[in-house]
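# A structural walkthrough
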Amino acid sequence: MNSFGSSTPRAGAPVGAVRRRAVVDALRRGAVPESGLDLLATGLGRFEQAVDEELDTVAAGGSVFKAVRGEYGSGKTFFARWLGERAKRRTFAVAEVQVSETETPLHKLETVYRRLTERLTTASFPPSALRPVADAWFYALEEDALADGAAESELPQAVERLLTARLAEVSRQAPAFATALRGYKQSLDAGDEATAAAVMAWLGGQPHVAAAARRSAGVRGDLDHFGAFGFLQGLLTMLKDAGHAGLVLVLDEVETLQRVRSDARDKALNALRQLIDEVHSGRFPGLYLVITGTPAFYDGQQGVQRLAPLAQRLATDFTTDPRFDNPRAVQIRLPGFTEESLTGLGATIRNLYADGVSSPDSAERIKRLADDAYLADLARAVGGALGGKVGVAPRLYLKKLVGDVLDRIYQFDDFDPRTHYKLTLSSGDLTATERNLAAPPAAASADDLDLDL
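Residues numbered from 1 in each chain as written. Predicted model: local features only at pLDDT ≥ 70, side-chain atom pairs only at ≥ 80, totals over all residues. Heavy atoms only, no water.

## Quick notes on the overall build of the protein
Looking only at helices and strands, the protein has 20 helices and five strands in total. Among the 453 residues that make up the protein, the fraction classed as buried is 51%. Counting every atom, the protein has about 20700 Å² of accessible surface; 51% of that belongs to carbon and sulfur. (Helix = DSSP H or I, 4+ residues; strand = E, 2+ residues; numbered from the N terminus. Buried < 20%, exposed > 50% of the residue type's maximum accessible area, 1.4 Å probe, protein only. Areas by Shrake-Rupley, 256 points an atom, 1.4 Å probe, with all protein chains shown as cover.)

## Comments concerning the pairing of strand β4 (residues 287–293)
Most of β4 is tucked away: seven of the seven residues are buried. What you see with β4 is no split at all: L287, L289, I291 and G293 on one side and Y288, V290 and T292 on the other are buried throughout. Two strands pair when backbone bridges link them, and strand β1 (residues 63–69) and β4 are joined in this way by seven bridges, in the parallel orientation. Among the inter-strand pairings, S63 is bridged to a residue of β4, identified as L287. Pairing geometry for strand β3 (residues 247–252) and β4, over five bridges, is parallel. Across the sheet, L251 pairs through a bridge with I291, a residue of β4. Once the chain exits β3 it traverses helix α12 (residues 262–281) before rejoining the sheet at β4, and the crossover so formed is right-handed. (Pairing = 2+ DSSP bridges. Right-handed = clockwise from strand over helix to strand, strands pointing away.)

## Observations concerning the packing of helix α4 (residues 109–119) against helix α11 (residues 225–241)
For any two helices packed against each other, one specifies the inter-axial angle together with the distance between the axes. The interhelical angle for the contact between α4 and α11, taken along N-to-C directions, is 30 degrees, at an axis separation of 7 Å. It follows from the interaxial angle that α4 and α11 lie roughly parallel. Where α4 approaches α11, its residues L109, E110, Y113 and L116 are matched on the opposing element by H225, A228, F229, F231, L232 and L235. Each residue belonging to the contact of α4 with α11 can be placed in one class, and the counts come to eight nonpolar, one polar and one charged. (Axes fitted to C-alpha atoms, helices over the stretch in contact; angles between N-to-C directions. Parallel < 35°, antiparallel > 145°, perpendicular 65-115°, else oblique. Contact = heavy atoms within 4.5 Å. Nonpolar A, V, L, I, M, F, W, Y, C, P; charged D, E, K, R; others polar.)

## Overview of the confidence of the model for the protein
Low pLDDT means the predicted coordinates in that region are not meant to be read closely. Taken over all residues, the pLDDT of the protein has a mean of 87, while the share at 70 or more is 88%. Low pLDDT, under 50, characterises residues 1–12; the stretch is placed with 49 contacts to residues that sit more than four places away or in other chains. A low-confidence stretch, residues 441–453 (pLDDT under 50), is modelled with two contacts involving residues beyond four sequence positions or located in other chains. (pLDDT = per-residue confidence, 0-100.)

## Some thoughts on α12
If you check α12, its first and last C-alpha atoms are 28 Å apart, about what 20 residues at 1.5 Å a residue would give, namely 28 Å. Within α12, burial applies to A264, R265, A268, L269, A271, L272, L275, I276, E278 and V279. Next to the buried residues of α12 lie β1, α11, β3, β4, α13 (295–299) and α14 (308–314). One or two positions beyond α12, positive phi appears at G282, with a value near 90 degrees. (Expected span 1.5 Å × (residues − 1).)

## Examining the nonpolar core
Of all hydrophobic cores here, the largest spans 75 residues; its most connected members are L106, L247 and L251. Per-element tally for this core: the top contributor is α11, with eight residues. For L251, the residues in contact, after removing those within four places along its chain, are V97, V99, L106, V112, L275, L289, V290, I291 and T292. Within the second largest apolar cluster, 57 residues are counted, among which are L83, V248, I366 and V402. (Core = buried A, V, L, I, M, F, W, Y, C linked by side-chain atoms within 4.5 Å.)

## As for the environment of A373
Relative to the helices and strands, A373 is located in helix α17 (residues 372–385). On the accessibility criterion, A373 (46% relative accessible area) is partly exposed. Measuring from C-alpha to C-alpha, the distance between A373 and T343 comes to 8.7 Å, with 30 residues separating the pair along the chain.

## Observations regarding the pattern of salt bridges
One pass over the full model with this rule turns up 34 salt bridges. A salt bridge links R90 to D56; the shortest N-O distance between them is 2.1 Å. Residue R90 is located in the loop between α3 (76–88) and β2 (93–98), and its partner D56 is located in helix α2 (residues 45–59); the two are separated by 34 residues in the primary sequence. Given a relative accessible area of 27%, R90 falls into the partly exposed group. Here R115 ties to E103 by a salt bridge, and the two come within 3.2 Å at their closest N and O atoms. With a gap of 12 residues between them, R115 in helix α4 and E103 in the loop between β2 and α4 connect regions that are remote in the sequence. Judged by relative accessible area, which is 18%, R115 ranks as buried. Judged by its relative accessible area of 47%, E103 falls in the partly exposed class. (Salt bridge = Lys/Arg side-chain N within 4 Å of Asp/Glu carboxyl O.)

## Some details on the packing of aromatic side chains
One pass over the full model with this rule turns up 10 aromatic pairs. Relative to F231, the ring of Y113 has its centre 5.8 Å away and its plane inclined at 85 degrees; by these criteria the two rings are edge-to-face. Linking Y113 in helix α4 with F231 in helix α11, this pair joins segments that are 118 residues apart in sequence. For the pair formed by Y113 and F231, the shared burial category is buried. Relative to F231, the ring of F177 has its centre 5.2 Å away and its plane inclined at 75 degrees; by these criteria the two rings are edge-to-face. You can see F177 sitting in helix α8 (residues 175–189) and its partner F231 sitting in helix α11, a full 54 residues away along the chain. Each of the two residues, F177 as well as F231, counts as buried. Members of the aromatic cluster, connected to one another through ring pairs, are Y113, F177, W202 and F231. (Phe/Tyr/Trp six-rings, centres within 6.5 Å; stacked < 30°, edge-to-face > 60°.)

## Things to note about the sheet that holds β4
Strand order in the open sheet formed by five strands is β2-β3-β4-β1-β5, and the pairing between neighbours is parallel. Each edge of the open sheet carries a strand with a single partner, namely β2 and β5 (331–333). The mean inter-strand angle of the sheet, taken between neighbouring strand axes irrespective of direction, is 20 degrees. The strands that α4 touches are β2 and β3; relative to β2, the one it contacts most, it runs at about 130 degrees. Here α11 sits on the sheet in contact with β2, β3 and β4, set at roughly 140 degrees to β3.

Following this line, the structure appears as structure tokens:
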């Protein structure tokens, strides 16, 4: 089994042109598709039951933390988006945040919260869905107030009472959250859209909001590291009342912590430990928190092992055969690709592509010229170009397959990839990790160097 996609059978299931095009276009760019991941149906089935049970737990008011480990190219981002799609079908909101030393340092949780609100999405609204969620929450409060017998003339006061009651727990830690929401609603009711938008930006953790807007809402300063916890609680409360089952928050590429200064790294690891503890303590009902990282991050001395309490919380036994990994464990691993699984993924994409072309003759030609034997040859070629590391090849393999092979077969009647195409890799094709793998090995000694004398 590889880690790319859902195992749900798709044979005979109709696929919309828009979904198919979105997936193929993303692969052509060398990117993980934002949606339609269920169409890449090859192998996350062993995680499905555990993920669904954990989503049920979160929807019932619990909280879950999950750590995903895998080498570069094993499909960590794919897994996270697959989980997010699955969650959105169950009315969850989803946010995927890339951890970054400069843009989103983990030891400054206010930046994580800000990126969360910027990337917040639901089944109905693209990023940022923060304001639609807030508007839906106020609408729900009004409906609840009317259901409790409030007259139209008493509605503002009834909504205020409900707001205070629903955010009572949040206000103990972050009273500014409720204060800002009141200011937002007052600005809306007064028809002051500019102030309402500015206050909503402040609620989303944005810095440098105009002082006049902050004064109007009765808040001051910018969100800080500790206030971010309270604001996350407030967001979860709004999501629940607005009809969402909860929030799936993905912190992707956490291994970047290994490259920051030691003092910042230690603060970030401690912040992660603190966040995990808060999830397990029940402070964030309705939160499914996922982090992704490489084995080196979880096992190396520059990562999790640097902080013993964090290492204890993430400790998972991976000494057994991967077939017997526990998908309910706090940490799960994604196996790397093999030549066989990469070829199988290529066949899935080829068939998806062929099903979307304009004529049966074109579809037949695509499947004949890019048959399974050719897909295997291409997988070997891409893996060989990356130093034999087939496990890190999926992104590049799919990019070359769609953009260099399938597109040409479809557009040029006389194109035959076996005759007219030879795999070439330029630096522009490769990520930094792929460039390192593609580089020739360093000379072991002076005698290994070829000199033109």
